[in-house]
Amino acid sequence: MSNPRYNNNLQQQKQDNGVMLSSYDSKLTFIVLFLIIIGFLAIFSAGAPKCIIQGTHSTFFVLRQFIWFILGCIAMFTISKFNYKALNQLSIPFAWIIIGLLIGVHLFGTTVNGAQRWLSIGPIQFQPSEAAKLSVIMLLSSAFSRDINILNSKMWKYYVPILIMVLLIFKQPNLSMVLILAISSMVMYFSAGGSLKLILSAIGCGVFGLLTFGLKSYQSQRIAIWLHPEQDPLGAGYNIIQAMLAFVAGGFFGEGYGNSRQKLGWLPEGHTDFIYAVFAEEFGFIGCLLIIGLFLAFLQRGLLISAKCEDVFGKLLAAGITVSICLQAFINISVASSFIPATGVPMPFISYGGTSLFITMCMVGVLLNISKKRIRRFPNVQQ
């Protein structure tokens, strides 16, 4: 049976007339813009040598990222204007659009470094799995705001698209994105009042199934090399060793902006997956703390927005978006510092990648929308 609390909340969500909106969370906006500015500086510094090697202008990566930033700004402020509760009805249609794009990746996608994750339309290349993060968050927010009972047969219209997206993303292969979706989903379930025992059981089954059946040979090799990178210093362990050298060279205050040596062909993907290592070499321990502090501030503002929201759908939507973005940042930082095995996860707002920046800014737009306080007007009160 459905929970009366969720039914009452659903009725409240339908009452959208006669409300005054306060301004959005300016502190969150400042944090996001600060992270994006750091991203532009880091991309230019880390990507310029690769641009020169490829025979393009040194600002090539920054200019492309700036175009996606402009598009992201338009999307972010547009989304922040309309009522986020409309996403409740759009969650299922949006999910099937993403599923169609993910199927297109398998049929017509571009393969880069052994992974088929990108769709190309003319000069535009984008990664549909990034949009799957927002889609899954919308679906679970809609489902859990109606009924927390995951065995309710009426909720399968939300769960089936999620399962299809996860399978398609896993097949790319993109295990890191699957983990982000899984962890974000568990956090949302727990935030909605779900059973902790069920979450722990799911984690246990997932880990057992992954270790027994799910890991491909190259993924198992990544774990082994992560533990002992010195066994293959010029092969699979190369990135780990070079990233560690960048951290050591950076020390406490860093070598100075633009003075990284590892970006000069020593550390591959220095402008994407390992941009944190290049930043650490140039700005040192202080710079690393700055980025971590900004993401912690983002986490605090996002969870505060979730806590202050008056309806369950908005609470879960804000919590899911906040956790997803911060979790991705944590994974990227952990990979660059060799805390966990290597994955292909970009750092939100900072790593080079148009799709990641655009989708993340769309998610921030939803957060800003939820942050607006909705104050009901009294019809008989004269202004």
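Preceding block: the structure.
This one's a predicted model, so the numbers in the text were calculated from it and none came from an experiment.

Engineer: Could you clarify how one ought to interpret the pattern of salt bridges in this entry?
Structural biologist: Two side chains carrying opposite charge are able to pair once their charged atoms lie near each other. Under the criterion given, the structure shown has four salt bridges. Between R261 and E255 there is a salt bridge, with the nearest N and O atoms lying 3.8 Å from each other. On the accessibility criterion, E255 (31% relative accessible area) is partly exposed. K263 is the salt-bridge partner of E282, the closest N and O atoms lying 3.2 Å from each other. Here E282, found in helix 11 (residues 275-308), pairs with K263, found in the loop between helix 10 (238-250) and helix 11; they are 19 residues apart in sequence, far enough to count as distant. Judged on exposure class, the residue E282 and its partner K263 are both buried.

Engineer: Would you explain the packing of helix 4 (residues 87-108) against helix 6 (residues 156-170) in this entry?
Structural biologist: Each pair of packed helices gets described by two things: the angle between the helix axes and the distance between those axes. It is at 10 Å that the axes of helix 4 and helix 6 come closest, and there the two elements cross at 20°. One finds that helix 4 runs roughly parallel with respect to helix 6. The way helix 4 lies across helix 6 gives a crossing that is left-handed. Every residue of helix 6 that contacts helix 4 at S91, I92, A95, W96, I98, I99, L102, I103 and H106 is listed here: K157, Y158, P161, I164, M165, L168 and I169. Split into classes, the residues belonging to the contact of helix 4 with helix 6 amount to 13 nonpolar, two polar and one charged.

The rules behind these values
- Residues numbered from 1 in each chain as written.
- Predicted model: local features only at pLDDT ≥ 70, side-chain atom pairs only at ≥ 80, totals over all residues.
- Heavy atoms only, no water.
- Salt bridge = Lys/Arg side-chain N within 4 Å of Asp/Glu carboxyl O.
- Buried < 20%, exposed > 50% of the residue type's maximum accessible area, 1.4 Å probe, protein only.
- Helix = DSSP H or I, 4+ residues; strand = E, 2+ residues; numbered from the N terminus.
- Axes fitted to C-alpha atoms, helices over the stretch in contact; angles between N-to-C directions.
- Parallel < 35°, antiparallel > 145°, perpendicular 65-115°, else oblique.
- Left-handed = near helix turned anticlockwise from the far one by under 90°.
- Contact = heavy atoms within 4.5 Å.
- Nonpolar A, V, L, I, M, F, W, Y, C, P; charged D, E, K, R; others polar.

Purely spatial values, then, with no claim about function.
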